[in-house]
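# Commentary on secondary and tertiary structure
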Amino acid sequence: MSPFSLSVVLLVGNTQLPVEAELGELTPTEVPQGGGLLRGVPERLAAAMRSGQDARLCWPDGQERRVRLGGERLADDQGRLIVTFLGEGPPPAV
């Protein structure tokens, strides 16, 4: 699967926030797993994800999947926080 971008909603605790996601399927793995980058995540939500709070992405079709931090945080050229994530299951077909 080629990487693709779409708008998703990040759900952490009681907070919902639209963010941009760059998604791809990680291979090879025993169980299909998606991952990628989330752009525009506020520092407080990234910190909550880092501390182990339940985090989910809500796809445009309404599906929700758990995600966890997958690496270091970075900033893009616009100063937005970029968070690397790993998700349960493959990314949805869009």
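Attention in this report is confined to the structure presented alongside it.

Reading guide: rules and limits
Residues numbered from 1 in each chain as written. Predicted model: local features only at pLDDT ≥ 70, side-chain atom pairs only at ≥ 80, totals over all residues. Heavy atoms only, no water. Helix = DSSP H or I, 4+ residues; strand = E, 2+ residues; numbered from the N terminus. Buried < 20%, exposed > 50% of the residue type's maximum accessible area, 1.4 Å probe, protein only. Contact = heavy atoms within 4.5 Å. Areas by Shrake-Rupley, 256 points an atom, 1.4 Å probe, with all protein chains shown as cover. Pairing = 2+ DSSP bridges. Core = buried A, V, L, I, M, F, W, Y, C linked by side-chain atoms within 4.5 Å. Salt bridge = Lys/Arg side-chain N within 4 Å of Asp/Glu carboxyl O.

### Some remarks on the overall build of the protein chain
Helix and strand content of the protein chain: 1 helix and 6 strands. From first element to last, N terminus to C terminus, the protein chain shows the α and β order β-β-β-α-β-β-β. Taken over 94 residues, the protein chain has a buried fraction of 36%. Sequence-distant contacts, at least 24 apart, represent 49% of the contacts inside the protein chain between residues at least 6 apart. Per element, the accessible surface of the protein chain, about 5500 Å² overall, is 50% carbon and sulfur.

### Some thoughts on the pairing of strand E4 (residues 55-58)
Sheet topology note: the E4/strand E5 (residues 64-75) ladder contains 3 bridges and is antiparallel. The partner of Cys 58 across the bridge, within E5, is Glu 64. Between E4 and the antiparallel strand that follows it, E5, lie 5 residues; Gly 62 among them carries a positive phi value of about 95 degrees.

### Quick look at the nonpolar core
Val 8, Leu 10, Val 12, Leu 38, Val 41 and Leu 57 are the most contacted members of the largest nonpolar core, which totals 20 residues. Counting only elements with at least two residues in this core, the list comes to strand E1 (4-12), strand E2 (15-26), helix H1 (43-50), E4 and strand E6 (81-88).

### Notes on the pattern of salt bridges
The final tally for this structure, using the stated rule, is 7 salt bridges. The partner of Arg 50 in a salt bridge is Glu 43, with the nearest N and O atoms 3.6 Å apart. Residue classification places Arg 50 among the partly exposed residues on the basis of a relative accessible area of 44%. Owing to a relative accessible area of 41%, Glu 43 belongs among the partly exposed residues under this scheme. Notably, a salt bridge pairs Arg 56 with Glu 64, separated by 2.5 Å at the nearest N-O pair. The exposure class assigned to Arg 56 is partly exposed, which follows from its relative accessible area of 23%. Of the residues examined, Glu 64 reaches a relative accessible area of 41% and is grouped as partly exposed.

### Comments concerning the environment of Gly 35
Along the chain, the position of Gly 35 falls in strand E3 (residues 33-39). Given a relative accessible area of 6%, Gly 35 falls into the buried group. Along the chain, Gly 35 and Val 67 lie 32 residues apart, while their C-alpha atoms are 8.3 Å from each other.

Everything listed here is a matter of coordinates, which is why it stays silent on function.
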